Amino acid sequence: MTRVSPAPLIKSGNIGAGADPVSELSGLTSGARFVRACLRRPVDRTPVWFLRQAGRYMAEYQAVRKHHTLLEICKQPKLAAEVTITAAEKLDVDAAIIFADLLLPFECMGLPFEFQAGEGPVVHHPVRTLADVQRLRVDRASELGYVAEAIERVVAHFKDRLGIIGFCGAPFTLASYMIEGGGSRNYVHTKTLMYRQPGAWRQLLDKLVAVLREYAAQQVTAGADVIQIFDSWAGALSVADYREFVLPATTILVREVQALGVPVIYFGVDTASLLPAMRETGADVLGLDWRVPLDEGWRNLDYAVAVQGNLDPITLFAEPELIRRRVHQILAQAGGRPGHIFNLGHGIVPGTAVENVQAVVKFVREYVQPAALAGVPRG
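1. Remarks on the sheet that holds strand S4 (residues 163-169)
- Spatial strand order, S1-S4-S5-S6-S7-S8-S9: seven strands in an open sheet with parallel pairing. The sheet is open, and its two edges are formed by strand S1 (95-97) and strand S9 (340-344), each paired on a single side. Across the sheet, the mean angle from the axis of one strand to that of its neighbour is 25 degrees, orientation sign disregarded.
- In terms of strand pairing, strand S8 (residues 306-311) meets S9 through five bridges, oriented parallel. Within S9, the position partnered with Val307 by the bridge is His340.

As structure tokens, then:
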């Protein structure tokens with residue numbers, strides 16, 4: 001079992017403070033490279049991994065799904081680890097994100113859900129009232145230990161060769177699933193509870209933070225180098241609503257995960273207008289989707305955090321030369337500044353050619369930053 005360390009660079013096999021910069025970068029493992037980039041430290045090349053890098057686009061995953069449901073894979077550590085490892089090795093990426101689902105904490109909170117064909121996740125008894133919120137449990141997070149066990153298996157396989165990413169949903173996104181009963185276009189029920197029952201809303205987010213804190217701690221103890229917090233639906237909020245109703249609880253979660261000794265990646269979709277507010281959470285890395293140019297998004301953050309992204313996942317359906325141009329364009333926008341992790345702006349979609357995902361890794365690694373810019377700390 002990997003130890004919890006207040007110094008992520010040491011945990012990932014890096015040389016400590018005061019080391020010679022040149023020798024410090026020589027022979028970096030992929031895991032060390034990834035964690036260093038999260039902390040805006042110089043690296044020898046841009047690390048790369050993909051959102052949903054294990055999924056339906058990959059034949060190996062489809063073979064497992066023929067015999068197991070999504071939740072069965074999540075709850076069987078051997079299967080979850082196998083799916084995680086297979087994808088990371090096939091793509092030759094710098095980090096492996098554990099195979100799990102955002103909604104797993106619902107069950108231990110007393111809110112069952114299921115996946116329905118063509119419908120996605122469905123919560124049959126949505127949380128709509130203060131009484132519903134009060135019934136939610138916060139004392140059973142230990143039941144999620146199967147995710148930590150899967151992480152232990154992945155860590156045992158890769159050791160320090162790759163960065164290991166654990167994750168959880170953000171309070172707002174999980175609350176919205178609880179309240180809407182599934183995905184939503186307008187989040188009417190969520191915003192109504194938020195506006196009209198602010199006490200119930202705060203209590204709901206507090207309960208989610210309590211469970212997610214323990215869930216993240218399990219993953220870090222198991223060996224996760226980084227925790228990514230997914231706020232998939234935060235883009236449905238105005239800046240004012242995000243600041244008033246979401247930022248306080250999210251900030252608490254981010255800071256408590258960081259206190260475990262690991263960096264935090266905070267990611268949302270369609271959140272360009274929210275980026276300055278999201279920065280206030282104190283997350284080490286902010287994920288950028290493809291709707292904002294990487295250089296513009298980073299500049300709007302005053303270069304005060306690392307950034308992850310941000311190729312449009314549908315670009316992977318293009319011809320290789322166009323994919324190469326888009327990859328190199330993003331790397332040029334990063335400008336060699338320490339703190340860029342190459343990724344997509346959202347997850348790989350079904351039907352994507354695995355060869356095109358592999359090509360992105362190749363295109364990232366072949367890119368040569370202009371000598372005048374490479375590795376020069378700025379901002």
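2. Structural notes on the packing of helix H10 (residues 171-180) against helix H11 (residues 188-196)
- Two elements in contact, H10 and H11, have axes whose closest approach is 8 Å; the angle formed by their N-to-C orientations is 110 degrees. For the element pair H10 / H11, the angle class is roughly perpendicular. Facing Phe172, Ser176, Ile179 and Glu180 of H10, the residues of H11 in contact are Val188, His189, Thr190 and Leu193.
- Of the residues contributing to the contact of H10 with H11, the split by class is four nonpolar, three polar and one charged.

3. Let's talk about helix H9 (residues 145-158)
- Spanning 14 residues, H9 covers 20 Å between terminal C-alpha atoms, matching the ideal 20 Å at 1.5 Å per step.
- Looking at H9, one finds that the buried residues are Tyr146, Val147, Ala148, Ala150, Ile151, Val154, Val155 and Phe158.
- In the core, the buried residues of H9 are packed alongside helix H5 (70-75), helix H6 (77-91), S1, S4 and helix H12 (198-222).
- Phi turns positive, to about 55 degrees, at Lys159, one or two residues after H9.

4. Considerations on the packing of H6 against H9
- Packing of H6 against H9 leaves a shortest axis separation of 8 Å and a crossing angle of 45 degrees. By the angle class used here, H6 and H9 are oblique. Taken as a pair, H6 and H9 cross one another with a handedness that is right-handed. Here Pro77, Lys78, Ala80, Ala81, Thr84, Ile85, Ala88 and Glu89 of H6 come into contact with H9, specifically with Tyr146, Glu149, Ala150, Arg153, Val154, His157 and Phe158.
- The class makeup of the residues in the contact of H6 with H9 is nine nonpolar, two polar and four charged.

5. Some remarks on the packing of aromatic side chains
- Enumeration according to the criterion identifies nine aromatic pairs in this entry.
- Between Phe113 and Phe115, the ring centres sit 5.8 Å apart and the planes meet at 80 degrees, which makes this aromatic pair edge-to-face.
- You can call Phe113 buried: its relative accessible area is 7%.
- Between the aromatic rings of Phe167 and Phe230, the centroid separation amounts to 5.4 Å while the plane-to-plane angle is 75 degrees, which identifies the pairing as edge-to-face. Of this pair, Phe167 sits in strand S4 while Phe230 sits in strand S5 (residues 226-231); the two residues are 63 residues apart in sequence, bridging distant segments of the chain. Considered together, Phe167 and Phe230 belong to a single accessibility category, that of buried residues.
- An aromatic cluster of at least three residues, connected via ring pairs, comprises Phe106, Phe113 and Phe115.
- The lysine or arginine in question, Arg337, covers the ring of Trp298, its NZ or CZ lying 5.6 Å from the ring centre.

About the criteria used
- Residues numbered from 1 in each chain as written.
- Predicted model: local features only at pLDDT ≥ 70, side-chain atom pairs only at ≥ 80, totals over all residues.
- Heavy atoms only, no water.
- Pairing = 2+ DSSP bridges.
- Helix = DSSP H or I, 4+ residues; strand = E, 2+ residues; numbered from the N terminus.
- Axes fitted to C-alpha atoms, helices over the stretch in contact; angles between N-to-C directions.
- Parallel < 35°, antiparallel > 145°, perpendicular 65-115°, else oblique.
- Contact = heavy atoms within 4.5 Å.
- Nonpolar A, V, L, I, M, F, W, Y, C, P; charged D, E, K, R; others polar.
- Expected span 1.5 Å × (residues − 1).
- Buried < 20%, exposed > 50% of the residue type's maximum accessible area, 1.4 Å probe, protein only.
- Left-handed = near helix turned anticlockwise from the far one by under 90°.
- Phe/Tyr/Trp six-rings, centres within 6.5 Å; stacked < 30°, edge-to-face > 60°.
- Lys NZ or Arg CZ within 6 Å of the ring centre and 35° of its normal.

Any functional reading would require information that these geometric values do not contain.
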